[in-house]
Amino acid sequence: EVQLVESGGGFVQAGGSLRLSCAGSGIAFDNYAIGWFRQAPGKEREGVAAIVISDRSTYYADSVKGRFTVSSDNAKNTVYLQMNSLKPEDTAVYFCAVTYGGVLRAATMRFDNGFYDYWGQGTQVTISS
């Protein structure tokens, strides 16, 4: 059974930092790519960052570039999303999901949630002004 469990969400003030974790079970992350998505109430789910585990290639949405960093710890089969300089507009439920590395090579596919096969349940991130 494949399971993805996100953790690390919480409440922080604007300008603060938070680190999210995505722990995988029943699947070896090193054979795939992991994406981070977020969804705020009334808005569509949007991709924010992704990483190809095998070569550590990373990709970011323009809205978070320079503030967020995605990384992986192969020994723990875990992917992280370090979020710095947080803004109120970053408030959302954050999800991690699994896709194939090739998906991330194309800008039109890498943040299309239709290409991701497994999803976690999400962790809430709330940023106050």
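Below, the structure is looked at part by part. Since the structure is predicted, the reported quantities are computational estimates derived from the model, not experimental observations. (Residues numbered from 1 in each chain as written. Predicted model: local features only at pLDDT ≥ 70, side-chain atom pairs only at ≥ 80, totals over all residues. Heavy atoms only, no water.)

## Quick word on the sheet that holds strand E7 (residues 68–73)
At step 1: Taken in spatial order, the four strands of this open sheet run E1-E3-E8-E7, and their pairing is antiparallel. In the strand order of this sheet, the two ends are held by strand E1 (3–7) and E7, each with one partner. Put simply, the sheet's adjacent strands are angled 15 degrees from each other on average, direction ignored.
At step 2: Looking at chain direction, E1 and strand E3 (residues 18–25) are connected through five bridges and run antiparallel. Among the inter-strand pairings, glutamine 3 is bridged to a residue of E3, identified as serine 25. (Pairing = 2+ DSSP bridges. Helix = DSSP H or I, 4+ residues; strand = E, 2+ residues; numbered from the N terminus. Axes fitted to C-alpha atoms, helices over the stretch in contact; angles between N-to-C directions.)

## Concerning the packing of aromatic side chains
At step 1: All chains considered together, the criterion is met by six aromatic pairs.
At step 2: Ring geometry for tyrosine 116 against tryptophan 119: centres 6.0 Å apart, planes inclined by 55 degrees, an arrangement best described as tilted.
At step 3: On the accessibility criterion, tyrosine 116 (5% relative accessible area) is buried.
At step 4: Residue tryptophan 119 is classed as partly exposed on the basis of its relative accessible area, which comes to 24%.
At step 5: Taken together, the aromatic side chains of Phe37, Phe95, Phe111, Tyr116 and Trp119 make up a single cluster linked through ring pairs.
At step 6: Over the aromatic face of phenylalanine 95 sits the side chain of arginine 45, whose NZ or CZ is 4.1 Å from the ring centroid.
At step 7: Over the ring of tryptophan 119 we find arginine 45, and its NZ or CZ is 4.8 Å from the ring centre. (Phe/Tyr/Trp six-rings, centres within 6.5 Å; stacked < 30°, edge-to-face > 60°. Buried < 20%, exposed > 50% of the residue type's maximum accessible area, 1.4 Å probe, protein only. Lys NZ or Arg CZ within 6 Å of the ring centre and 35° of its normal.)

## Looking at the state of the cysteines
At step 1: All chains considered together, the criterion is met by one disulfide.
At step 2: Each disulfide pairs two cysteine sulfurs, and for cysteine 22 the partner residue is cysteine 96, the sulfurs being separated by 2.1 Å. Of note, the bridge from cysteine 22 to cysteine 96 carries an S-S torsion of about 75 degrees and is right-handed in sense. With cysteine 22 in strand E3 and cysteine 96 in strand E9 (residues 92–99), this pair connects stretches of sequence that are 74 residues apart. (Disulfide = S-S within 2.5 Å.)

## Thoughts on the environment of aspartate 55
At step 1: Position of aspartate 55 among the secondary structure elements: in the loop between strand E5 (46–52) and strand E6 (57–60).
At step 2: Judged by its relative accessible area of 48%, aspartate 55 falls in the partly exposed class.
At step 3: Polar side-chain contacts of aspartate 55 include one of 2.9 Å to the side chain of serine 57. (Polar contact = N/O pair within 3.5 Å; in protein donor to acceptor, adjacent residues only side chain to side chain.)

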